[in-house]
Amino acid sequence: MMYHQDKARRDMKTLLEIKNLKTHFFTHEGTVKAVDGVSFKINQGETLGIVGESGSGKSVTALSVMRLIPHPPGKIVGGEIYFEGKDLLKLEDKEIRKIRGKKISMIFQEPMTSLDPVFTVGYEIGEVIQLHQGLNKKEARKKAIEILKIVGIPDVEKRIDNYPHELSGGMRQRVMIAMALSCNPTLLIADEPTTALDVTIQAQILRLINELKGEFGASVMLITHDLGIIAEMCDNVAVMYAGHIVEYTDIYTLFNHPLHPYTKGLSKSIPRMNIEVEHLDTIPGIVPNLLDLPSGCPFHPRCDFSFKRCVEEMPELIEIENSHLVKCHLVKKRIRSKKVEWKNW
Amino acid sequence: MKRTRETKTHELVRRLKYNKSAVFGLAIVVILILCAIFANYIAPNSPTPSPPELFKALKPGFWSEDKVEGMPLGADAMGRCILSRILYGARVSLTAGFVAVGIAMILGITFGTLSGYYGGWVDALIMRIVDIMFAFPALLLAIVIVTVLGQGLDKAMIAIGIVYTPQMARIIRSSVLYIKEMEYIEVQKAIGSSDARIIFRHVLPNSIAPVIVYGTLMLASAILDCAALGFLGLGAQPPTPEWGAMLSKSYSYIVSGAWWAATFPGIAILFSVIGLNLLGDGLRDILDPRLKT
């Protein structure tokens, strides 16, 4: 069954392909390499999860796709982002604005402050629809009502004329999702969409995103630091650490056979219902300062298995099996010893 | 949509009601505006009678045996009714105030928004010019500008408008700097809004509250400065009934006992400034969310 799924997935068309993306921030203290050579693909209809600690470059990757990196101090210094065959990094401002909100939409972390307080929610959704679909005010309002119904806002005719402060956090996130989906985007980027919500609302919102993904046929790039969410939502996962993807694999392998020590550490530090433990495992140390990265593999100071080569040399991202990529010397060594074929990606 | 708008206005009115001094200020301002609008109906005499009735010159008002009929606050050195001139003067002063603040707002909001939103060298350039303008005392700068432009009430309004622009620009810049970092601006960028759209639809409406407050307070100082320019003979030219000019033409008669010619225009200036200041302070208390209780 797994095999068929994999095959089906490979046959799907690539929607977004990021190649060797480098986004750096030039600050007074030095250059912060927030994203340093990230590559991945998202197929049509796929949900890709990006996990990592704060400062690992998840959000910067997302903002780079949208070309919303604040400049100065940030700049995309290298790489290509192909979306539907076009390199987004080569587009004029005007062209990228037509893609934002229409083809690629984004849901942000903070629903409480993501809506303009001086406008009603109906107006704000209507604005996006008018902007991208050339509808007039009346039609836009009709469409806004429609889409608010889809995202499950009760009593829409009344709610549409509410100001954001009159809605609860979950409600507002639904409005944000409605706004993001109002122009039928092909890619939805959700940047920690549930971090600011309480747990019951979290589940509702995630279910909603999943349902709508099916309904609208969009691909989703889900950024989170919660492996639980990843488990529920994603097809494939990219684990990020200090601006690099350290492991990329499908969801089953991630939980069953993680290869990178960091990923192993992450899955060990999730509380589990069925196993009783006294202390939850943690990964020792903290995320390195991006201004002063350790030499070689950035994870080596926190890694239990690090050896000499880790300190000296940055490992390459290598493909172990079909679409399972790992960036670790250890894995390479082990595979070599087993004489399994591997190839550069 | 209507319902919520109304409740917002209601809330504003309700909060205003509890602020006694703001209500007092509002009352003064309303009276002032009514006087200005209906000056030609309520004024007992013409502010600029021709030919001049010089035989009434410096006659006292109702408090004296020697009063002239129909001039309750007495006559000035040219025999003109002081009350009528003050009422018509309200028109001149308020217009001057509104025009000057209007100019300051248009220029200030334009430059302040550009400066705050785009930052970088645009910000640096505009803010250095603002710094230079701040280095001069306001009235002195206004005098310089009037000297360059030439005398007259219209020139005085422009001069005061220009002098107030830096303050306005600073105020709006600081609120734009705050607002542009808000998430909903990021969201607007993410849905593909252009800079112009973001500025006009989302940044400005959210940063305008302090401008309203300072605009009201500025109106008071604009009236005062306009009167000062009139007093110096650089603003309104005779026979325009402008409070400052009235004051300057009559203060020398105080020593000879005709105190009314200078005192009443002075009181008019005093009250309008007090009224506007109280209202402005009140509005600040109401609109500033940090002071909300």
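Just so we're clear, the structure is a prediction, and the values are computed from it rather than from any experiment. (Residues numbered from 1 in each chain as written. Chains lettered and ligands numbered in written order. Predicted model: local features only at pLDDT ≥ 70, side-chain atom pairs only at ≥ 80, totals over all residues. Heavy atoms only, no water.)

A few words on the overall build of chain A. Helix and strand counts for chain A come out as 13 helices and 13 strands. The globule rule puts the C-alpha radius of gyration for 345 residues at 20 Å, and the 21 Å found for chain A is close to it. Along the first, second and third principal axes, the C-alpha atoms of chain A reach 70 × 50 × 45 Å. The burial tally for chain A puts 51% of its 345 residues in the buried class. Contacts in chain A between residues far apart in sequence, at least 24 positions, make up 64% of those at least 6 positions apart. The positive charge centre, built from 45 side chains, and the negative charge centre, built from 44, are 5 Å apart in chain A. (Helix = DSSP H or I, 4+ residues; strand = E, 2+ residues; numbered from the N terminus. Rg over C-alpha atoms; globule rule 2.2 N^0.38 Å. Buried < 20%, exposed > 50% of the residue type's maximum accessible area, 1.4 Å probe, protein only. Contact = heavy atoms within 4.5 Å. Lys, Arg positive; Asp, Glu negative; His and termini not counted. Charge placed at Lys NZ, Arg CZ, Asp CG, Glu CD.)

So, about empty space enclosed by the protein. Residues and elements named next belong to chain A. Scanning the entire structure with this criterion turns up three cavities of 30 Å³ or more. Lining of the largest cavity is provided by His 260, Pro 261, Cys 297, Phe 299, Cys 303, Phe 305, Phe 307, Cys 310, Cys 328 and Leu 330. Of the residues contributing to the lining of the largest cavity, the split by class is nine nonpolar, one polar and no charged. Its volume calculated, the second largest cavity comes out at about 40 Å³. (1 Å grid on protein atoms, 1.4 Å probe; cavity = no way out; pocket = protein on both sides within 12 Å on 5 of 7 lines; lining within 4 Å. Points joined across faces, edges and corners; volume = space filled by probe spheres on them. Nonpolar A, V, L, I, M, F, W, Y, C, P; charged D, E, K, R; others polar.)

All names here are of chain B. Between helix 6 (residues 138-149) and helix 7 (residues 153-179), the shortest axis-to-axis distance is 9 Å and the interhelical angle comes to 135 degrees. In terms of orientation, helix 6 and helix 7 fall into the oblique class. Where helix 6 crosses over helix 7, the handedness of that crossing is right-handed. Across the interface between the two elements, Ala 138, Leu 141, Ala 142, Ile 145, Val 146 and Leu 149 of helix 6 pack against Lys 155, Ala 156, Ile 158, Ala 159, Ile 162 and Val 163 of helix 7. Split by residue class, the contact of helix 6 with helix 7 holds eleven nonpolar, no polar and one charged. (Axes fitted to C-alpha atoms, helices over the stretch in contact; angles between N-to-C directions. Parallel < 35°, antiparallel > 145°, perpendicular 65-115°, else oblique. Left-handed = near helix turned anticlockwise from the far one by under 90°.)

Regions of empty space are outlined by a rolling probe, equal in size to a water molecule, passed over the atoms. One number sums up the size of the second largest pocket: a volume of about 1,100 Å³. Taken together, 28 residues make up the lining of the second largest pocket; nearest its centre are Leu68(A), Ile69(A), Pro70(A), His71(A) and Lys189(B). Of all the secondary structure elements, the ones that give two or more residues to the lining of the second largest pocket are strand 4 (74-83) and helix 3 (93-99) of chain A together with helix 4 (82-118), helix 8 (183-190) and helix 9 (195-207) of chain B. Its residues assigned to classes, the lining of the second largest pocket comprises twelve nonpolar, six polar and ten charged.

Residues and elements named next belong to chain A. The strand order across the open sheet built from four strands is 2-1-4-5, with neighbouring strands paired in antiparallel fashion. The outermost strands of the open sheet, each flanked by one partner alone, are strand 2 (30-43) and strand 5 (86-87). Judged from the eight bridges that link them, strand 1 (residues 14-27) and strand 4 form a sheet pairing that is antiparallel. Across the sheet, residue Leu 16 finds its bridge partner in strand 4, namely Phe 83. Sheet strands touched by helix 2 (residues 58-66): strand 1, strand 2 and strand 4. Its angle to strand 1, the strand with the most contacts, is close to 110 degrees. (Pairing = 2+ DSSP bridges.)

Residues and elements named next belong to chain B. Throughout the structure, instances matching the rule amount to 13 aromatic pairs over all chains. Here Phe 38 and Tyr 41 contribute two aromatic rings whose centre-to-centre distance is 6.3 Å and whose plane-to-plane angle is 45 degrees, an arrangement assigned as tilted. Connected via pairs of aromatic rings, a cluster forms that spans Phe 62, Trp 63, Trp 259, Trp 260 and Phe 264. (Phe/Tyr/Trp six-rings, centres within 6.5 Å; stacked < 30°, edge-to-face > 60°.)

Let's shift gears to the UniProt feature "domain: ABC transmembrane type-1" (unreviewed entry) in chain B. Here, the residues flagged by UniProt with the feature "domain: ABC transmembrane type-1" (unreviewed entry) are residues 90-280 of chain B. Helix makes up 82% of residues 90-280 of chain B and strand 0%. Its end C-alpha atoms lie 19 Å apart. (UniProt positions renumbered as here; feature names shortened; annotations may be inferred.)

Further remarks concern the side chain of His24(A). Residue and element names in this part refer to chain A. In this structure, His 24 sits in strand 1. With a relative accessible area of 9%, His 24 lands in the buried category. A polar side-chain atom of His 24 sits 3.4 Å from a polar atom in the side chain of Asp 36. (Polar contact = N/O pair within 3.5 Å; in protein donor to acceptor, adjacent residues only side chain to side chain.)

A few words on the interface of chain B and chain A. Counting residues at the interface gives 21 residues for chain B and 32 residues for chain A. When chain B packs against chain A, close to 2,300 Å² is buried across both sides, 57% of that on carbon and sulfur atoms. Counting the contacts that link chain B with chain A gives two salt bridges. With a closest N to O distance of 3.7 Å, Glu127(A) and Arg201(B) form a salt bridge. Elements that contribute at least two residues to the side of chain B that touches chain A include exactly helix 1 (2-18), helix 8 and helix 9 of chain B. Sorting elements by how many residues they give to the side of chain B that touches chain A places helix 8 of chain B first, with seven residues. In the side of chain B that touches chain A, the residues fall into six nonpolar, seven polar and eight charged. (Buried area = accessible area lost by both parts, 1.4 Å probe. Salt bridge = Lys/Arg side-chain N within 4 Å of Asp/Glu carboxyl O.)

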